[in-house]
Amino acid sequence: MMENKTTVINISNVSDTQLEQISKKNLLSLNLQEMKAVQAYFIKIRRNPTDIELETIAQTWSEHCKHKTLTASVTYTEIDGKKKTVKNYDNLIKETVFKVTKDLNKKWCVSVFKDNAGVIEFNDKYGIAFKVETHNHPSALEPYGGAGTGIGGVIRDILGVGLGSKPVMNTDIFCFGPIDYPHKNISGNVLHPRRIMKGVVSGVRDYGNRMGIPTTNGAVLFDEGYVFNPLVYCGTAGIIPKNKAFKKVSPGEVVLAVGGRTGRDGIHGATFSSIELDKDTEVSAVQIGNPIVEKKILDTILQARDKNLYTAITDCGAGGFSSAVGELGSECGVRVYLEKAPLKYAGLKPWEIWLSEAQERMVLSVPKNKLKELIKLFESENVEATVLGEFTNTGRLECYYKGTKICDLSMEFMHEGVPKRHLDATWIYKSVKPKAVVKSAGKDYAQTLNNLLAMPNVCSKEWIIRQYDHEVQGQTVIKPLQGKNAGPGDACVIWPRISIEAEYPKTDIKDKYRGFAVSCGINPNFGKIDAYAMAAGAIDEAVRNLVATGAGLEKTALLDNFCWGSPNKNEQLAGLIRASQACYDIAKVYETPFISGKDSLYNEYIDEKGKSKSIPMTLLISAMAIMNDVRKAVTMDLKYSGNSIYVLGSTKQELGGSQYSVLNKTNDYTVPGLDPQKAKKLYIALNNAMNKSLVAACHDCSEGGLAVSCAEMCFAGGIGMEIALNKVPAETKSLTAAEKNIILLFSESNSRFVVEIKKGKEKEFEKALKGNIFARIGSVTFGKNLIVKGVENQVIIDEETDNLKDAWQSTLKGL
Amino acid sequence: MKSKVIVLRTAGTNCDKETGYAFKTAGAQTVDLVHINRLFKKEVKLSDYNIMAIPGGFSFGDDISAGKVFANKLIYQLSGELKKFVDSGKLIIGICNGFQVLVKTGLLDIDNEQSQTLSFNDSAKFECRWVNLKISNFKSQISNQQTTNIWTKNLPEIIQLPVAHAEGKFITRDESITDELEENGRIMFQYCDEEGDLADYPYNPNGAQENIAGICDKTGRVLGMMPHPERYIMKYQHAAWTAKELDETGSGFHIFKNAVDYIKNNL
């Protein structure tokens, strides 16, 4: 094929089968209905599309950019025994996740769901922008590069929100296959989970650390369902002056490309993200990152922003220039000259220049009279900036290459022309009869606790956390590792005082101690039973992690990241609908609006037996709360001998999806339920107690239940605790003593905390918690053991905290 | 004299803002964060300042060896001015990547050959953790026999600061260099346990020879250190502020304050 040549593709007089073939051959990922809409458009304008036009439409209409599944109309049928109910949604996401935000209508939401990130108010002058992205398929094929460019991409989202935001923290959540997965089950281009993990961890490390942004929050999960398709979630939060939170392009302004050069890396990333992986998938779709180039952009962009040298900015992510330029020009029109784009090397076809997802590139809209000063500023720090074209008032997307017009599409067709989908799904309830819990496990509670602490989803992630600089910028006041022995914190707290004062020294800092907390909630094991319970649990976990750290609910915002299998499969789609509905139901009660989100569907793979499989449905909820006073923050390590231990919330027979049931393979379907009204009341009461400085330590109960939480608090603080299970508020009727012990220790019921109350403050604390379910269950001892008395008041666990710590730290040590 | 601080920036510099903030908080009159291109183009003059800081980061990606490219740029484009800066009694601090730059400029050398370097951590990976540091010439400071206490005045014998690096293992050309550093009171900080005894990993986070975390030049005015004093200026930056009583100002603050005071009293 000739280089640098644009070809015309005949679609106007071809059959449906041929249309489908064209889509498949060119990796367009458009279905027949969409191809026919494209065909109709070109028949109407009496010509055939060029390759660049077809590619541009495919990118703009990709699942990645247009979210065709979540915006589809849906008929959802639920079958519970003989009862059948049908619910119709006109637009799934608009009637669930977006609706929470609309219904709650919080004044402190500055910019939601329309920019590269959501922005909420920090104080009267500043906002906080927050975004979490996924980079799953690239990380499966080339873990180091894929994960590095994942974090690089989300940082650019923050740089490209409004007129640019300064990143102040990163969060990373990874899902891998088991690190001891048998090598013989892996073939072709598929990498072993251990290798993927090492590559991903170091890819994020080398990019994030070089950007000078602290990584202060995260989670790592392991499951066989992620062997062929790992998940890599990368998130960034940034601080932005409120008067810089919006962009506005005007016709006549210049299109300026800033940063890295364009190469052939990362072509078809947006459409590739919707394709099933198999053992032979090629790696050419993965981008190549260079953090120092991006750091230079960060340094200069913020200077340019504060000098008002441009009117709009966005990053080149999926779809490259085609998306970035197309989005900025969508309201007015834009004309670009592709031969002007600086290239890494010669030989790219025009459509490749247009579609390349080469990294570290931003596109700006610049008034002509500011151009000279802006380019000078970029040059002063060795950042390349090139004029590509100009914004117009034609309402058209026009691309030229060396004098020839090769793309001319109406913006309206591009952005509104995608046919709306209709989807149907049916959900059938599984029997939720609880299993006999003890039979399979035996009664060695201490051994079970040790085993649980060593489980991959529970064990210490210190090996990873320490490789990430969580202190850079000097604003991490609550850190990911807490106490003398690096216990697992529930949330981090950032105090962006230096960012504000260093850049805006004249700022009046009346709210000097204001900060924000960030946490996450994720539990795919619940989703294997019911995606509704998983979504409810994830929201609860993220919110209770914030509350455990001292944040209130008043200014708490959420992000949703759906990683799912193919929505063409009934079970996957039904789960997606149920999870979306749960997002609405729970967040509405908590009054925690969603401000941004992302879905990554089609996480499918062909397994070793040639069978098509979906990953476990995985919803990540990230939560962020503004804290008026970071000095009220609480960590999870036990503090002083003699203090009292309380448990808050009720423990129920809900071992379904628990680490206990994974460990013992019990196939229990009693997945934890959630009463959001009760939980909210408890969270407000606990927050009040924390604001009165009554709480010395607090830890939520999640994977592994109450026993794991208590053990973690003990070894983090390096002191012992004695508790009595017969004091724990519980709903465990008609069970044997042994069964009760198991449930009280290991059930993962939602909305629970273990708290340490300062000696002498018990009465005041109980008063603050009045009307909620809670009980004093023991105290911090002067010894070094975790002592648990069972329901019959006999000692059932008496373990040295150092041994528990060793069990917890052994799994990932020395990798 | 009024203290005027220049914090050098280049591609990959990370800790310039917090380092500048630390000097500001410590009372410096002027703090400018300046890209080195501006010094090379003579838009800014080094001689207008009396404290120079090279902050942490990954200058030029640390793609060759940490700090090497930055050091070469200083040597080849600025060496005369740099020498004049030191000779006129002014102060230089290099933190983390800045320390890596300083050892590679020769400013901390014993003789005319590079006498020490910062190599890969024994753990072979980047590590971020809080460490205990012993002020090495603490006793001699009290008896006032040494002049190399410019930076560590008013600090207790053991302090805590965070480290965050992959190439922080201090090693010397041969043992005689370490002896010479010690004899001349040039070892400033050493990694230690809670009691102040030199201890192994993880107390010594990188395997540094003699647990050395920071050294100064023969004048005592040029300091290089791997731990980050700018990350512990205020109580709430400490890893254990929720668990124990701490001063409102962090240990790192005093290092910057000492520099500002020195300029005030001596220049």
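Residues numbered from 1 in each chain as written. Chains lettered and ligands numbered in written order. Predicted model: local features only at pLDDT ≥ 70, side-chain atom pairs only at ≥ 80, totals over all residues. Heavy atoms only, no water.

A short note on the overall build of chain B
Move 1: Helix and strand counts for chain B stand at seven helices and 11 strands.
Move 2: A compact globule built from 267 residues would reach a C-alpha radius of gyration of about 18 Å, and chain B, at 17 Å, matches this within 12%.
Move 3: Principal axes of the C-alpha set define a box for chain B whose edges measure 50 × 40 × 35 Å.
Move 4: Counting over 267 residues, chain B shows a buried share of 61%.
Move 5: The contacts in chain B between residues at least 6 apart in sequence include a share of 76% that link residues at least 24 apart.
Move 6: Total accessible area on chain B stands at roughly 10200 Å², and carbon and sulfur atoms take up 46% of it. (Helix = DSSP H or I, 4+ residues; strand = E, 2+ residues; numbered from the N terminus. Rg over C-alpha atoms; globule rule 2.2 N^0.38 Å. Buried < 20%, exposed > 50% of the residue type's maximum accessible area, 1.4 Å probe, protein only. Contact = heavy atoms within 4.5 Å. Areas by Shrake-Rupley, 256 points an atom, 1.4 Å probe, with all protein chains shown as cover.)

Quick look at the overall build of chain A
Move 1: Check the secondary structure of chain A and you find 26 helices and 35 strands.
Move 2: The globule rule puts the C-alpha radius of gyration for 815 residues at 28 Å, and the 27 Å found for chain A is close to it.
Move 3: A principal-axis box enclosing the C-alpha atoms of chain A has dimensions of 85 × 65 × 50 Å.
Move 4: Relative to its full complement of 815 residues, chain A shows a buried share of 68%.
Move 5: Taking the intrachain contacts of chain A between residues at least 6 apart in sequence as the baseline, contacts between residues at least 24 apart amount to 83%.
Move 6: Only carbon and sulfur atoms are counted for the fraction: they give 49% of the accessible area of chain A, which is about 28100 Å².

Some remarks on the interface of chain B and chain A
Move 1: In this assembly, 32 residues from chain B lie in contact with 42 residues from chain A.
Move 2: The contact between chain B and chain A buries some 3100 Å² in all, and 56% of this surface belongs to carbon and sulfur atoms.
Move 3: Considering only the surface of chain B that becomes buried against chain A, Tyr21, Cys128 and Tyr236 of chain B emerge as the three largest contributors, covering 19% of it.
Move 4: For the pair chain B and chain A, the interface holds three salt bridges.
Move 5: Residue Asp299 of chain A is joined to Arg9 of chain B by a salt bridge in which the shortest nitrogen-to-oxygen separation is 3.9 Å.
Move 6: Our enumeration of links across chain B and chain A arrives at 17 residue pairs in polar contact (both at pLDDT 80 or more). (Buried area = accessible area lost by both parts, 1.4 Å probe. Salt bridge = Lys/Arg side-chain N within 4 Å of Asp/Glu carboxyl O. Polar contact = N/O pair within 3.5 Å; in protein donor to acceptor, adjacent residues only side chain to side chain.)

Notes on the pairing of strand β5 (residues 116-119) of chain B
Residue and element names in this part refer to chain B.
Move 1: Only one face of β5 is buried, namely the one carrying Gln116 and Leu118, since none of Thr117 and Ser119 on the opposite face is buried.
Move 2: Sheet topology places β5 next to strand β8 (residues 169-172); four bridges connect them, and they run antiparallel. Paired with Ser119 across the bridge in β8 is Lys169. (Pairing = 2+ DSSP bridges.)

Thoughts on a negative patch on the surface
Move 1: Together, Asp174, Glu175, Asp179, Glu180, Glu182, Glu183 and Glu210 of chain B make up a region of like negative charge exposed at the surface.
Move 2: Its place among the elements puts Glu182 of chain B in helix α6 (residues 175-183). (Patch = residues over 30% accessible without salt bridge, like charges linked within 9 Å, V, L, I, M, F, W, Y side chains within 5 Å. Lys, Arg positive; Asp, Glu negative; His and termini not counted. Charge placed at Lys NZ, Arg CZ, Asp CG, Glu CD.)

As for the packing of helix α19 (residues 531-548) of chain A against helix α20 (residues 570-590) of chain A
Residues and elements named next belong to chain A.
Move 1: Between α19 and α20, the shortest axis-to-axis distance is 7 Å and the interhelical angle comes to 35°. Along this stretch, α19 crosses α20, giving a crossing that reads as right-handed. Residues Ala531, Tyr532, Ala535, Ala536, Ile539, Asp540 and Val543 of α19 pack against Gly575, Arg578, Ala579, Gln581, Ala582, Cys583, Asp585, Ile586, Ala587 and Tyr590 of α20.
Move 2: The class makeup of the residues in the contact of α19 with α20 is 12 nonpolar, two polar and three charged. (Axes fitted to C-alpha atoms, helices over the stretch in contact; angles between N-to-C directions. Left-handed = near helix turned anticlockwise from the far one by under 90°. Nonpolar A, V, L, I, M, F, W, Y, C, P; charged D, E, K, R; others polar.)

Some remarks on the sheet that holds strand β9 (residues 187-192) of chain B
Working definition: the strands of a sheet are paired by backbone hydrogen bonds and lie parallel or antiparallel to each other.
All names here are of chain B.
Move 1: The nine strands lie next to each other as β2-β1-β3-β4-β11-β10-β9-β6-β7, forming an open sheet whose pairing is mixed. Edge positions in the open sheet fall to β2 (30-35) and β7 (158-165), since each of these has one partner strand only. Across this sheet, the average inter-strand angle for adjacent strands is 20°, counted without regard to direction.
Move 2: Bridge count between strand β3 (residues 51-54) and strand β4 (residues 91-95): four bridges; the pairing is parallel.

Side note on the nonpolar core
Move 1: Among the nonpolar cores identified, the biggest contains 160 residues, and Phe765 of chain A together with Phe23 of chain B are the most heavily contacted of them.
Move 2: With 12 residues, the single largest contributor to this core is α19 of chain A.
Move 3: Three or more residues apiece are contributed to this core by two domains, here domain 1 (90-416) and domain 2 (634-815) of chain A.
Move 4: Once residues lying within four places of it in the same chain are set aside, the contact partners of Phe23 of chain B are Val5, Ala28, Val31, Ile51, Ala53, Ile93, Phe256, Ala259 and Val260 of chain B.
Move 5: Counting residues in hydrophobic clusters, the runner-up holds 49 residues, among them Ile11, Tyr41, Val249 and Leu328 of chain A. (Core = buried A, V, L, I, M, F, W, Y, C linked by side-chain atoms within 4.5 Å. Domains from an automatic or database assignment.)

Quick look at the environment of Val695 of chain A
Residues and elements named next belong to chain A.
Move 1: Structurally, Val695 is set in strand β29 (residues 695-700).
Move 2: With relative accessibility at 7%, the residue Val695 sits in the buried group.
Move 3: Expressed as a C-alpha distance, the spacing of Val695 and Phe113, which sit 582 residues apart in the sequence, is 37 Å.
Move 4: If we ignore the near neighbours within four places in the chain, the residues touching Val695 are Val634, Leu686, Ala689, Met690, Val755, Glu756, Ile757, Lys758 and Phe765.

As for the sheet that holds strand β10 (residues 312-315) of chain A
Residues and elements named next belong to chain A.
Move 1: Within the open sheet, the seven strands sit side by side as β10-β12-β9-β13-β11-β14-β15. Their pairing is mixed. Edge positions in the open sheet fall to β10 and β15 (404-410), since each of these has one partner strand only. On average, each strand axis in the sheet is inclined to that of its neighbour by 25°, with strand direction left out of account.
Move 2: Pairing between strand β14 (residues 396-401) and β15: six bridges, direction antiparallel.

What about the packing of aromatic side chains?
Move 1: For the structure shown, the criterion picks out 25 aromatic pairs over all chains.
Move 2: A centroid spacing of 5.1 Å and a plane angle of 15° characterise the contact between Phe228 of chain A and Tyr605 of chain A, whose relative ring orientation is stacked. Of this pair, Phe228 of chain A sits in the loop between β7 (215-222) and β8 (231-241) while Tyr605 of chain A is found in strand β24 (residues 604-606), placing the two residues 377 residues apart along the sequence. The pair Phe228 of chain A / Tyr605 of chain A is uniform in exposure class, with both members buried.
Move 3: Seen from their ring centres, Phe58 of chain B and Phe126 of chain B are 6.3 Å apart, and the 25° between their planes marks the pair as stacked. Pair noted here: Phe58 of chain B is in the loop between β3 and α3 (68-87) and Phe126 of chain B is in the loop between β5 and β6 (127-135), with a separation of 68 residues, a long-range link.
Move 4: Accessibility expressed as a relative area gives 11% for Phe58 of chain B, which makes it buried.
Move 5: In this arrangement the basic side chain of Arg361 of chain A is found over the ring face of Phe321 of chain A, its NZ or CZ atom lying 4.4 Å from the centre.
Move 6: Directly above the aromatic system of Tyr513 of chain A lies the positively charged group of Arg631 of chain A, at a separation of 3.7 Å from the ring centroid. (Phe/Tyr/Trp six-rings, centres within 6.5 Å; stacked < 30°, edge-to-face > 60°. Lys NZ or Arg CZ within 6 Å of the ring centre and 35° of its normal.)

Description of helix α26 (residues 801-810) of chain A
Move 1: Within α26 of chain A, the full set of buried residues consists of Thr801, Leu804, Lys805, Ala807, Trp808 and Gln809 of chain A.
Move 2: Of the surrounding secondary structure, the elements contacted by the buried residues of α26 of chain A are α15 (445-454), α16 (462-465), β19 (487-488), α23 (705-717), β34 (785-789) and β35 (795-800) of chain A.

Considering the domain arrangement of chain A
Frequently, the measure chosen for interface size is the accessible area removed from exposure when the parts meet.
Move 1: Per the domain assignment, the segments making up chain A are domain 1 (90-416) and domain 2 (634-815).
Move 2: Between domain 1 of chain A and domain 2 of chain A, the C-alpha centre-to-centre distance is 41 Å.

Points about the side chain of Thr300 of chain A
Residues and elements named next belong to chain A.
Move 1: Locating Thr300 in the fold gives a position in helix α10 (residues 291-306).
Move 2: From its side chain, Thr300 meets the backbone oxygen of Ile297 in a polar contact 3.1 Å long.
Move 3: Filtering out sequence-adjacent residues up to four positions away, Thr300 remains in contact with Leu377, Phe378, Glu381 and Val383.

Some words on the side chain of Asp217 of chain B
Residue and element names in this part refer to chain B.
Move 1: Tracing the chain through its elements places Asp217 in the loop between β10 (212-216) and β11 (222-225).
Move 2: Of note is the side chain of Asp217, whose polar atom sits 2.8 Å from the side chain of Thr219.
Move 3: Apart from the residues within four sequence positions on either side, Asp217 is in contact with Val86, Leu107, Leu108, Arg186 and Val222.

Things to note about the pattern of salt bridges
Residues and elements named next belong to chain A.
Move 1: For the coordinates displayed, the defined rule picks out 54 salt bridges over all chains.
Move 2: Here Lys639 ties to Asp637 by a salt bridge, and the two come within 3.3 Å at their closest N and O atoms. Each member of the pair Lys639 and Asp637 is classed as buried.
Move 3: Several salt bridges share partner residues, and in doing so they unite Arg335, Glu390, Arg396, Glu398, Lys405 and Asp408 into one network.

Some thoughts on a positive patch on the surface
Move 1: There is a patch of like positive charges on the surface, built from Lys307, Lys372 and Lys376 of chain A together with Lys41 of chain B.
Move 2: Among the secondary structure elements, Lys372 of chain A is positioned in helix α13 (residues 371-380).

Brief notes about helix α4 (residues 97-105) of chain B
Move 1: Burial within α4 of chain B is extensive, with nine of its nine residues counted as buried.
Move 2: Phi turns positive, to about 90°, at Gly106 of chain B, one or two residues after α4 of chain B.

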